[in-house]
Amino acid sequence: GYRVSLQGNFFGRNHTYMAFPEYNPRKHIKLDPPLNIQSNATASKCQIWWSVWNVPWYLAEILQYELQYKEYSMSWEVALNKTLPSSLPQVEIEATELRSGTAYAARVRCKVSENENSYHSQWSEWSQTTVFQKADVPKVSEKILNTKTMHFLFIPLSFGTLLYLFWNCKLSSRKTVPFFKCCFLTLGQKASPVLTFPRQLLSFSHSIVCTMGILR
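Calculation criteria
- Residues numbered from 1 in each chain as written.
- Predicted model: local features only at pLDDT ≥ 70, side-chain atom pairs only at ≥ 80, totals over all residues.
- Heavy atoms only, no water.
- Core = buried A, V, L, I, M, F, W, Y, C linked by side-chain atoms within 4.5 Å.
- Buried < 20%, exposed > 50% of the residue type's maximum accessible area, 1.4 Å probe, protein only.
- Helix = DSSP H or I, 4+ residues; strand = E, 2+ residues; numbered from the N terminus.
- Pairing = 2+ DSSP bridges.
- Axes fitted to C-alpha atoms, helices over the stretch in contact; angles between N-to-C directions.
- Phe/Tyr/Trp six-rings, centres within 6.5 Å; stacked < 30°, edge-to-face > 60°.
- Lys NZ or Arg CZ within 6 Å of the ring centre and 35° of its normal.

A few words on the nonpolar core. Ranked by size, the top nonpolar core spans 24 residues in total, and within it I48, W50, L67, I93 and F132 carry the most contacts. Listed by contribution, the elements that provide at least two residues to this core are β5 (45-51), β6 (63-71), β8 (90-94) and β9 (103-112). If you tally residues by element for this core, the top one is β9, at five residues.

This part is about the sheet that holds β5. Read across the sheet, three strands follow the order β4-β5-β8 without closing on themselves; strand pairing throughout is antiparallel. Of all the strands in the sheet, just β4 (35-41) and β8 have a single pairing partner and so form its edges. The average angle at which neighbouring strand axes cross in this sheet is 15°, direction not considered. Where β4 and β5 come together, five bridges link them in antiparallel fashion.

Here we have four strands laid out as an open sheet, ordered β7-β6-β9-β11, and antiparallel in their pairing. Pairing within the sheet leaves two strands with one partner each, and these edge strands are β7 (80-83) and β11 (130-133). Taken pair by pair, the neighbouring strands of this sheet meet at an average axis angle of 30°, ignoring direction. The sheet contact formed by β6 and β9 spans nine bridges and is antiparallel. By the bridge assignment for β9, Y65 is matched with C110.

Another point: the packing of aromatic side chains. Evaluated as defined, the whole model comprises four aromatic pairs. A centroid spacing of 5.8 Å and a plane angle of 85° characterise the contact between W57 and Y58, whose relative ring orientation is edge-to-face. On the basis of relative accessibility, which here comes to 63%, the residue W57 falls in the exposed class. The exposure class assigned to Y58 is partly exposed, which follows from its relative accessible area of 39%. Seen in terms of ring centroids, Y58 and Y119 are 6.2 Å apart; in terms of plane orientation they differ by 25°. Their pairing is stacked. Taken as a pair, Y58 in helix α1 (residues 57-60) and Y119 in the loop between β9 and β10 (121-122) lie far apart in primary sequence, 61 residues in all. Since its relative accessible area comes to 15%, Y119 is described here as buried. Each member of the aromatic cluster is reached from another via a ring pair, and the members are W57, Y58 and Y119. K70 extends its terminal NZ or CZ atom over the ring of Y72, reaching a point 5.8 Å from the ring centre. The ring of W76 has K70 sitting right over it, with the charged end atom 4.8 Å from the ring centre.

The values reported here are purely geometric and, on their own, carry no functional implication.
Shown next, in the form of C-alpha coordinates:
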(Lines give C-alpha, C1' and ligand atoms only; values in the text may rest on other atoms or scores of the structure.)
Protein backbone atom coordinates (compact mmCIF):
# COMPACT_ATOMS: atom_id res chain seq x y z
CA GLY A 1 0.00 0.00 0.00
CA TYR A 2 0.84 3.66 0.01
CA ARG A 3 0.80 6.43 2.55
CA VAL A 4 -0.90 9.59 1.37
CA SER A 5 -0.31 12.86 3.21
CA LEU A 6 -1.00 16.50 2.55
CA GLN A 7 1.41 19.26 3.34
CA GLY A 8 0.75 22.93 3.58
CA ASN A 9 2.15 26.18 4.91
CA PHE A 10 -0.12 28.01 7.26
CA PHE A 11 0.93 31.26 8.92
CA GLY A 12 4.52 30.63 8.06
CA ARG A 13 4.62 27.15 9.50
CA ASN A 14 4.60 23.82 7.63
CA HIS A 15 1.86 21.38 8.53
CA THR A 16 1.42 17.76 7.45
CA TYR A 17 -1.95 16.02 7.35
CA MET A 18 -2.09 12.23 7.00
CA ALA A 19 -4.98 11.61 4.60
CA PHE A 20 -4.54 7.86 4.11
CA PRO A 21 -2.08 6.00 6.35
CA GLU A 22 -2.46 2.88 4.20
CA TYR A 23 -3.74 3.57 0.71
CA ASN A 24 -4.24 0.68 -1.73
CA PRO A 25 -5.14 1.86 -5.25
CA ARG A 26 -6.84 -1.47 -5.97
CA LYS A 27 -9.41 -0.67 -3.34
CA HIS A 28 -10.21 2.80 -4.64
CA ILE A 29 -11.15 2.46 -8.30
CA LYS A 30 -13.58 4.59 -10.23
CA LEU A 31 -13.93 3.75 -13.90
CA ASP A 32 -14.95 5.95 -16.78
CA PRO A 33 -18.61 5.63 -17.78
CA PRO A 34 -19.50 3.21 -20.60
CA LEU A 35 -19.48 4.58 -24.14
CA ASN A 36 -21.41 4.15 -27.38
CA ILE A 37 -24.60 2.85 -25.81
CA GLN A 38 -27.02 1.69 -28.50
CA SER A 39 -30.36 -0.09 -28.65
CA ASN A 40 -32.55 -2.08 -30.99
CA ALA A 41 -36.20 -2.67 -30.08
CA THR A 42 -38.55 -5.21 -31.66
CA ALA A 43 -42.03 -6.45 -30.81
CA SER A 44 -40.60 -9.16 -28.53
CA LYS A 45 -37.60 -7.53 -26.80
CA CYS A 46 -35.19 -4.63 -26.68
CA GLN A 47 -31.44 -5.23 -26.98
CA ILE A 48 -29.04 -2.69 -25.49
CA TRP A 49 -25.26 -2.81 -25.81
CA TRP A 50 -22.29 -0.54 -25.09
CA SER A 51 -18.51 -0.48 -24.76
CA VAL A 52 -16.01 0.44 -22.05
CA TRP A 53 -12.92 2.55 -22.49
CA ASN A 54 -9.57 2.68 -20.73
CA VAL A 55 -10.25 -0.48 -18.74
CA PRO A 56 -7.51 -3.15 -18.37
CA TRP A 57 -8.48 -6.57 -19.65
CA TYR A 58 -8.22 -8.13 -16.18
CA LEU A 59 -10.83 -5.66 -14.92
CA ALA A 60 -13.08 -5.88 -17.98
CA GLU A 61 -13.73 -9.54 -17.17
CA ILE A 62 -14.94 -8.79 -13.64
CA LEU A 63 -17.03 -5.70 -14.28
CA GLN A 64 -20.54 -5.31 -13.00
CA TYR A 65 -23.14 -3.20 -14.80
CA GLU A 66 -26.30 -1.47 -13.71
CA LEU A 67 -28.98 -0.55 -16.22
CA GLN A 68 -31.43 2.24 -15.61
CA TYR A 69 -34.38 2.92 -17.92
CA LYS A 70 -37.57 4.93 -17.84
CA GLU A 71 -40.26 6.40 -20.02
CA TYR A 72 -38.71 9.22 -21.97
CA SER A 73 -41.03 11.87 -20.51
CA MET A 74 -40.50 10.77 -16.90
CA SER A 75 -37.80 11.77 -14.41
CA TRP A 76 -34.79 9.56 -13.67
CA GLU A 77 -35.93 9.50 -10.06
CA VAL A 78 -38.71 7.07 -11.02
CA ALA A 79 -36.54 4.97 -13.36
CA LEU A 80 -36.18 1.21 -13.02
CA ASN A 81 -32.77 -0.16 -12.06
CA LYS A 82 -31.36 -3.55 -12.96
CA THR A 83 -28.06 -4.94 -11.77
CA LEU A 84 -26.89 -7.24 -14.53
CA PRO A 85 -25.61 -10.72 -13.62
CA SER A 86 -23.08 -10.89 -16.45
CA SER A 87 -19.92 -8.95 -17.22
CA LEU A 88 -20.87 -8.81 -20.90
CA PRO A 89 -21.61 -5.27 -22.09
CA GLN A 90 -25.15 -6.04 -23.24
CA VAL A 91 -28.63 -6.67 -21.89
CA GLU A 92 -32.11 -7.55 -23.11
CA ILE A 93 -35.39 -6.11 -21.86
CA GLU A 94 -38.45 -8.29 -22.41
CA ALA A 95 -41.35 -6.74 -24.29
CA THR A 96 -43.66 -7.44 -21.36
CA GLU A 97 -41.79 -4.75 -19.42
CA LEU A 98 -42.44 -2.12 -22.08
CA ARG A 99 -45.55 -0.39 -23.34
CA SER A 100 -46.27 -0.12 -27.05
CA GLY A 101 -46.13 3.34 -28.53
CA THR A 102 -44.08 4.71 -25.60
CA ALA A 103 -40.53 6.02 -26.00
CA TYR A 104 -37.96 4.97 -23.40
CA ALA A 105 -34.53 6.23 -22.39
CA ALA A 106 -31.82 4.00 -20.95
CA ARG A 107 -28.34 4.46 -19.53
CA VAL A 108 -25.76 2.27 -17.84
CA ARG A 109 -22.86 2.50 -15.37
CA CYS A 110 -20.16 0.09 -14.24
CA LYS A 111 -17.84 -0.89 -11.42
CA VAL A 112 -15.75 -3.86 -10.36
CA SER A 113 -17.92 -6.74 -9.20
CA GLU A 114 -18.66 -6.86 -5.50
CA ASN A 115 -17.71 -10.54 -5.53
CA GLU A 116 -14.07 -9.62 -6.10
CA ASN A 117 -11.82 -9.38 -3.05
CA SER A 118 -8.70 -8.15 -4.80
CA TYR A 119 -10.33 -4.98 -6.15
CA HIS A 120 -12.95 -2.58 -4.97
CA SER A 121 -14.54 0.32 -6.80
CA GLN A 122 -17.43 2.69 -6.70
CA TRP A 123 -19.96 3.15 -9.47
CA SER A 124 -18.83 5.12 -12.49
CA GLU A 125 -20.82 8.08 -13.72
CA TRP A 126 -23.83 7.27 -15.88
CA SER A 127 -23.30 6.86 -19.60
CA GLN A 128 -25.05 8.87 -22.25
CA THR A 129 -28.61 7.74 -22.94
CA THR A 130 -30.10 5.72 -25.74
CA VAL A 131 -33.72 6.15 -26.78
CA PHE A 132 -35.88 3.30 -28.04
CA GLN A 133 -39.51 2.37 -28.55
CA LYS A 134 -41.14 -1.04 -28.52
CA ALA A 135 -42.14 -2.04 -32.03
CA ASP A 136 -45.83 -2.62 -32.57
CA VAL A 137 -47.03 -6.18 -33.04
CA PRO A 138 -47.34 -6.79 -36.81
CA LYS A 139 -50.89 -6.13 -37.91
CA VAL A 140 -52.90 -8.05 -40.49
CA SER A 141 -51.83 -7.17 -43.98
CA GLU A 142 -54.03 -4.79 -45.90
CA LYS A 143 -54.15 -7.18 -48.85
CA ILE A 144 -54.73 -10.53 -47.18
CA LEU A 145 -55.42 -11.74 -43.68
CA ASN A 146 -53.23 -14.11 -41.80
CA THR A 147 -53.17 -17.45 -43.64
CA LYS A 148 -54.20 -19.57 -40.66
CA THR A 149 -57.01 -17.18 -39.80
CA MET A 150 -58.29 -17.32 -43.35
CA HIS A 151 -58.20 -21.10 -43.28
CA PHE A 152 -60.33 -21.19 -40.17
CA LEU A 153 -62.73 -18.65 -41.66
CA PHE A 154 -63.10 -20.45 -44.96
CA ILE A 155 -64.11 -23.77 -43.43
CA PRO A 156 -67.40 -22.59 -41.85
CA LEU A 157 -67.93 -20.03 -44.61
CA SER A 158 -67.60 -22.61 -47.36
CA PHE A 159 -69.82 -25.10 -45.54
CA GLY A 160 -72.47 -22.47 -44.88
CA THR A 161 -72.46 -21.27 -48.48
CA LEU A 162 -72.81 -24.81 -49.81
CA LEU A 163 -75.74 -25.43 -47.47
CA TYR A 164 -77.37 -22.21 -48.65
CA LEU A 165 -76.97 -23.09 -52.32
CA PHE A 166 -78.24 -26.59 -51.75
CA TRP A 167 -81.25 -25.45 -49.73
CA ASN A 168 -82.07 -22.64 -52.17
CA CYS A 169 -81.97 -24.94 -55.13
CA LYS A 170 -83.97 -27.59 -53.27
CA LEU A 171 -86.72 -25.08 -52.57
CA SER A 172 -86.61 -23.89 -56.16
CA SER A 173 -86.89 -27.46 -57.40
CA ARG A 174 -90.19 -27.90 -55.61
CA LYS A 175 -91.71 -25.03 -57.61
CA THR A 176 -90.03 -25.85 -60.91
CA VAL A 177 -89.60 -29.05 -62.70
CA PRO A 178 -86.22 -30.75 -62.32
CA PHE A 179 -84.63 -30.99 -58.90
CA PHE A 180 -81.23 -29.30 -59.29
CA LYS A 181 -82.32 -26.50 -61.61
CA CYS A 182 -82.66 -23.03 -60.20
CA CYS A 183 -82.22 -19.34 -60.98
CA PHE A 184 -84.75 -19.23 -63.84
CA LEU A 185 -85.48 -16.08 -65.78
CA THR A 186 -89.03 -14.93 -65.03
CA LEU A 187 -89.98 -12.52 -67.76
CA GLY A 188 -93.55 -13.58 -68.54
CA GLN A 189 -92.75 -17.16 -69.40
CA LYS A 190 -90.36 -19.74 -68.05
CA ALA A 191 -87.02 -19.57 -69.82
CA SER A 192 -84.20 -22.07 -69.94
CA PRO A 193 -82.25 -22.40 -66.73
CA VAL A 194 -79.45 -19.90 -66.55
CA LEU A 195 -77.36 -21.76 -64.01
CA THR A 196 -77.85 -25.14 -62.42
CA PHE A 197 -76.70 -26.23 -58.96
CA PRO A 198 -73.77 -28.33 -60.21
CA ARG A 199 -72.49 -25.33 -62.12
CA GLN A 200 -72.93 -23.11 -59.07
CA LEU A 201 -71.06 -25.63 -56.96
CA LEU A 202 -68.28 -25.92 -59.53
CA SER A 203 -67.95 -22.15 -59.80
CA PHE A 204 -67.91 -21.73 -56.04
CA SER A 205 -65.35 -24.51 -55.55
CA HIS A 206 -63.13 -22.95 -58.19
CA SER A 207 -63.26 -19.61 -56.34
CA ILE A 208 -62.34 -21.30 -53.06
CA VAL A 209 -59.37 -23.11 -54.60
CA CYS A 210 -58.08 -19.92 -56.25
CA THR A 211 -58.41 -17.93 -53.06
CA MET A 212 -56.63 -20.56 -50.96
CA GLY A 213 -53.86 -20.70 -53.57
CA ILE A 214 -53.36 -16.93 -53.27
CA LEU A 215 -53.17 -17.17 -49.48
CA ARG A 216 -50.36 -19.68 -49.69
